[in-house]
Amino acid sequence: MNYAIPAPAPHTLAIAGRDERFPVNRVFCVGRNYAAHAREMGKDPDREPPFFFMKPANAVIDATRVPSVPYPPKTANYHHEIELVVAIGQGGRDIAVANALEHVYGYAVGLDMTRRDLQLEARDKGRPWEFGKSFAASAPIGALHRAADAGHPAQAAITLSVNGQPRQSSDIAKLIWSVSECIAVLSEYEALEPGDLIMTGTPEGVNAVLPGDVMQGAIAGLGEIRVSVVA
Ligand code: MN
């Protein structure tokens, strides 16, 4: 194949215990999927259908290789959101809840880094969240743990500390919409493809970080990531 300009390199994630890597296609993110986080964002938690936004593939950083993120431009309120990340291995559309987990390759610990000031300004003006959420290096993610090895976690402590101080602490059992339900609903709107990631939402305790801060996130059974913020 001859390309007119240099073709971009694929964005990939490490897979725990294996040499092969996981090529990232698209990144879907679930909004307000823990009740206590919905409340801290000024919204009532409810069981309205889940809503989604996206990040570009170049948001994804393999935190096992590059353990830092640059402080992004045009923000004064750069927030951490620790999240369970689902990696899709088998695509499909109109996937039933009962079959949804068959489409999962594995799981990882990830951060949905957010320019909160830009996001809330856009939200309150009825504009897209794009510049608040969708930017390069805004999704550092740890090694994927294959469902074939680790199973499908339904309960697990999810935590984030900054410079050793606890910031976020919850359990993935508190997801308003489960992994299966997110896959089912998303696949009604857009056919899922192998390599897609779903970031499932963050629990309460989101807050700002500054250059020099070190974030340490973990989900029991899925390891941890350690990511520093650099100027
Ligand atoms: Mn999020």
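Residues numbered from 1 in each chain as written. Predicted model: local features only at pLDDT ≥ 70, side-chain atom pairs only at ≥ 80, totals over all residues. Heavy atoms only, no water.

### A look at the overall build of the protein chain
The condition is simple: Runs of H or I in DSSP of at least four residues are treated as helices and runs of E of at least two as strands, each being numbered from the N terminus. The globule rule is 2.2 Å times the number of residues to the power 0.38, and the radius of gyration it is compared with is taken over C-alpha atoms. Burial classes follow relative accessibility: with a 1.4 Å probe on protein chains only, a residue under 20% of its type's maximum area counts as buried, one over 50% as exposed, and anything between as partly exposed. The contact rule is simple, with two residues in contact once any of their heavy atoms fall within 4.5 Å. Where accessible areas are quoted, they stem from the Shrake-Rupley method and a 1.4 Å probe; at the residue level, only the protein chains shown are allowed to cover. In summary, the charge assignment counts Lys and Arg as positive and Asp and Glu as negative, without counting His or the chain termini. For this purpose, a charge sits on NZ of Lys, CZ of Arg, CG of Asp or CD of Glu.
What the protein chain contains, in helices and strands, is five helices and 18 strands. Against the globule reference of 17 Å for 231 residues, the protein chain gives a C-alpha radius of gyration of 17 Å, in line with a compact fold. Each principal axis of the C-alpha distribution contributes one length, and for the protein chain these read about 45 × 40 × 35 Å. Every one of the 231 residues in the protein chain was classed for burial, and the buried ones make up 49%. Looking at the protein chain alone, contacts between residues at least 24 apart form 77% of all its contacts between residues at least 6 apart. When the accessible area of the protein chain is evaluated, it comes to approximately 10800 Å², of which 52% is carbon and sulfur surface. Distance from the positive charge centre (21 side chains) to the negative charge centre (26 side chains) of the protein chain: 5 Å.

### Overview of the packing of aromatic side chains
Operational definition: Pairing of aromatic rings covers Phe, Tyr and the six-membered ring of Trp, with a centre-to-centre limit of 6.5 Å; geometry is then stacked below 30 degrees between planes, edge-to-face above 60, and tilted otherwise. As a reminder, the over-ring test applies to NZ of lysine and CZ of arginine, requiring each to be within 6 Å of the ring centre and within 35 degrees of the ring normal.
On inspection of all chains with the given rule, the structure shows four aromatic pairs. Seen in terms of ring centroids, tyrosine 71 and tyrosine 78 are 5.1 Å apart; in terms of plane orientation they differ by 70°. Their pairing is edge-to-face. Residue class for tyrosine 78 comes out buried when judged on its relative accessible area of 0%. Among the aromatic residues, those joined into a cluster by ring pairs are Phe51, Phe53 and Trp129. Above the ring of phenylalanine 135, the side-chain terminus of arginine 115 is found at 4.3 Å from the ring centroid.

### Overview of unusual backbone geometry
A positive phi angle, near 40°, is found at arginine 32, a position not held by glycine. Summarising the element assignment, arginine 32 is placed in the loop between strand 3 (27-30) and helix 1 (35-40). We note that aspartate 94 has phi near 50°; this positive angle belongs to a residue other than glycine. Summarising the element assignment, aspartate 94 is placed in the loop between strand 8 (82-88) and strand 9 (104-111).

### With respect to the sheet that holds strand 7 (residues 78-80)
Note the cut-off: Whether two strands pair comes down to DSSP finding at least two bridges between them.
With antiparallel pairing, the three strands of this open sheet are ordered in space as 10-7-16. Of all the strands in the sheet, just strand 10 (114-115) and strand 16 (207-208) have a single pairing partner and so form its edges. Here two bridges tie strand 7 to strand 10, and the two strands are oriented antiparallel to one another. By the bridge assignment for strand 10, tyrosine 78 is matched with arginine 115.

### Thoughts on the pairing of strand 3
Residues Val27 and Cys29 of strand 3 are buried on one face, and the alternating residues Phe28 and Val30, pointing to the opposite face, are buried as well. For strand 3 and strand 4 (residues 52-55), the ladder comprises four bridges, and the chain directions are antiparallel. Of the residues in strand 4, the one forming a bridge with valine 27 is lysine 55. Direction of pairing for strand 3 relative to strand 15 (residues 197-199): parallel, over a ladder of three bridges. Within strand 15, the residue paired with valine 27 across the bridge is leucine 197.

### Things to note about the side chain of histidine 79
Going by this rule: In protein, a polar contact requires one atom able to donate a hydrogen and another able to accept it; more generally it is a pair of N or O atoms within 3.5 Å, and residues adjacent in sequence count only if both atoms are side-chain atoms.
The topology assignment puts histidine 79 in strand 7. One polar contact links histidine 79 to asparagine 77, side chain to side chain, over a distance of 3.1 Å. With residues near it in sequence (within four places) discarded, histidine 79 still touches Asp112, Met113, Thr114, Arg116, Val206, Asn207 and Ala208.

### Comments concerning the pairing of strand 13 (residues 157-162)
Look at any regular strand and the pattern is simple: side chains alternate between the two faces of the sheet. Strand direction decides the pairing type here: strand 13 and strand 14 (residues 165-171), joined by six bridges, are antiparallel. Paired with isoleucine 158 across the bridge in strand 14 is serine 170. Two successive antiparallel strands, strand 13 and strand 14, enclose a turn made up of two residues, where asparagine 163 displays a positive phi of approximately 50°. Sheet analysis places strand 13 next to strand 17 (residues 214-219), joined by five bridges and oriented antiparallel. Considered in strand 17, the bridge of valine 162 is made with methionine 215.

### Considering helix 2 (residues 116-124)
Applied cut-off: It is the directions from the helix axis to the C-beta atoms whose arc is reported.
Three or more residues of helix 2 are buried, namely Arg116, Gln119 and Ala122. Angularly, the buried residues of helix 2 cover 135° about the axis, an arc narrow enough to put them on a single face. Next to the buried residues of helix 2 lie strand 7, strand 10 and helix 3 (130-133). Glycine 126 occupies a position one or two residues after helix 2 and carries a positive phi of about 70°.

Fair warning: the whole summary comes from geometry, so function is off the table for now.
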